[in-house]
Amino acid sequence: MLKSVKVRDYMTRHLVTFHADTDLFTAINRLLEHRISGAPVVDGQGRLMGLLSEGDCLRGILQGAYYEATGGTIASYMTSTVETTSPEADIIEVAERFLKGRRRRFPVVEGGKLVGQISRHDVLLAVKEFAQHEQGRARG
């Protein structure tokens, strides 16, 4: 049963992360270097504080252009209210949340700390592998 497949089994564990005091241009360079569209912002204990997206970075650059003070730290631009999921959530529940919202990924939080991230891609992979496994069982 697909509900038995947990986020923990398919989440990405090694993430690019930022701290709130990271310089905006340093963050932009890291997003570009790693070819990612956003990354979690954590505190010194690994607790999730927010997310920084490409859109947040663009907003920071535009605000700077208007006020002639481009830059600063990402604390001013990151999104602080973040939808998260648990490593024990099932893949069906997360897939439904992806369909209801416009999110491409959810940070995975356990005991208040960031432990990974699950994306739409990860969910599709889980469904594909589950279906292949079930087909193999049906044939055997």
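The rules we used
Residues numbered from 1 in each chain as written. Predicted model: local features only at pLDDT ≥ 70, side-chain atom pairs only at ≥ 80, totals over all residues. Heavy atoms only, no water. Helix = DSSP H or I, 4+ residues; strand = E, 2+ residues; numbered from the N terminus. Buried < 20%, exposed > 50% of the residue type's maximum accessible area, 1.4 Å probe, protein only. Contact = heavy atoms within 4.5 Å. Patch = residues over 30% accessible without salt bridge, like charges linked within 9 Å, V, L, I, M, F, W, Y side chains within 5 Å. Areas by Shrake-Rupley, 256 points an atom, 1.4 Å probe, with all protein chains shown as cover. Salt bridge = Lys/Arg side-chain N within 4 Å of Asp/Glu carboxyl O. Core = buried A, V, L, I, M, F, W, Y, C linked by side-chain atoms within 4.5 Å. UniProt positions renumbered as here; feature names shortened; annotations may be inferred. Phe/Tyr/Trp six-rings, centres within 6.5 Å; stacked < 30°, edge-to-face > 60°. Lys NZ or Arg CZ within 6 Å of the ring centre and 35° of its normal.

- By the naming in an unreviewed UniProt entry, the protein is CBS domain-containing protein, taken from Pseudomonas straminea.

1. Digging into the environment of leucine 51
Okay, step 1: Mapped onto the elements of the fold, leucine 51 is located in strand S2 (residues 48-53).
Okay, step 2: The class for leucine 51 is partly exposed, based on a relative accessible area of 21%.
Okay, step 3: Each C-alpha atom, one on leucine 51 and one on histidine 19, is 10 Å from the other, the two residues being 32 residues apart in sequence.
Okay, step 4: Excluding residues within four positions of it along the chain, leucine 51 makes contact with Ala39, Pro40, Val41, Asp56, Met78, Thr79, Val82 and Pro107.

2. Comments concerning a nonpolar patch on the surface
Okay, step 1: On the surface, Phe25, Leu58 and Ile61 cluster together to form a nonpolar patch covering roughly 260 Å² of accessible area.
Okay, step 2: Tracing the sequence through the fold places phenylalanine 25 in helix H1 (residues 24-34).

3. What about the nonpolar core?
Okay, step 1: Core analysis: the largest hydrophobic core is formed by 15 residues, its most contacted members being Val5, Val7, Ile91, Val94, Ile118 and Val123.
Okay, step 2: Those elements that provide at least two residues to this core are helix H3 (91-100), strand S3 (105-110) and helix H4 (120-139).
Okay, step 3: Excluding anything up to four places from it in sequence, valine 94 contacts Val7, Thr85, Ala89, Phe106, Ile118 and Val123.
Okay, step 4: Counting 14 residues, the second largest nonpolar core, distinct from the first, contains Ile28, Leu31, Leu52 and Cys57.

4. Describing the UniProt feature "domain: CBS" (unreviewed entry) in the protein
Okay, step 1: Listed under "domain: CBS" (unreviewed entry) in the UniProt record, and renumbered for this structure, are residues 11-68 and 78-135.
Okay, step 2: The span residues 78-135 shows a helical share of 45% and a strand share of 22%, and its end C-alpha atoms are spaced 44 Å apart.

5. Describing the packing of aromatic side chains
To describe a pair of aromatic rings, you give the distance between the ring centres and the angle between the ring planes.
Okay, step 1: The tally for this structure, following the rule as stated, stands at one aromatic pair.
Okay, step 2: Consider the rings of phenylalanine 98 and phenylalanine 106, whose centres lie 4.8 Å apart with planes at 20°: the pair is stacked.
Okay, step 3: Since its relative accessible area comes to 5%, phenylalanine 98 is described here as buried.
Okay, step 4: Over the aromatic face of phenylalanine 106 sits the side chain of arginine 97, whose NZ or CZ is 4.2 Å from the ring centroid.

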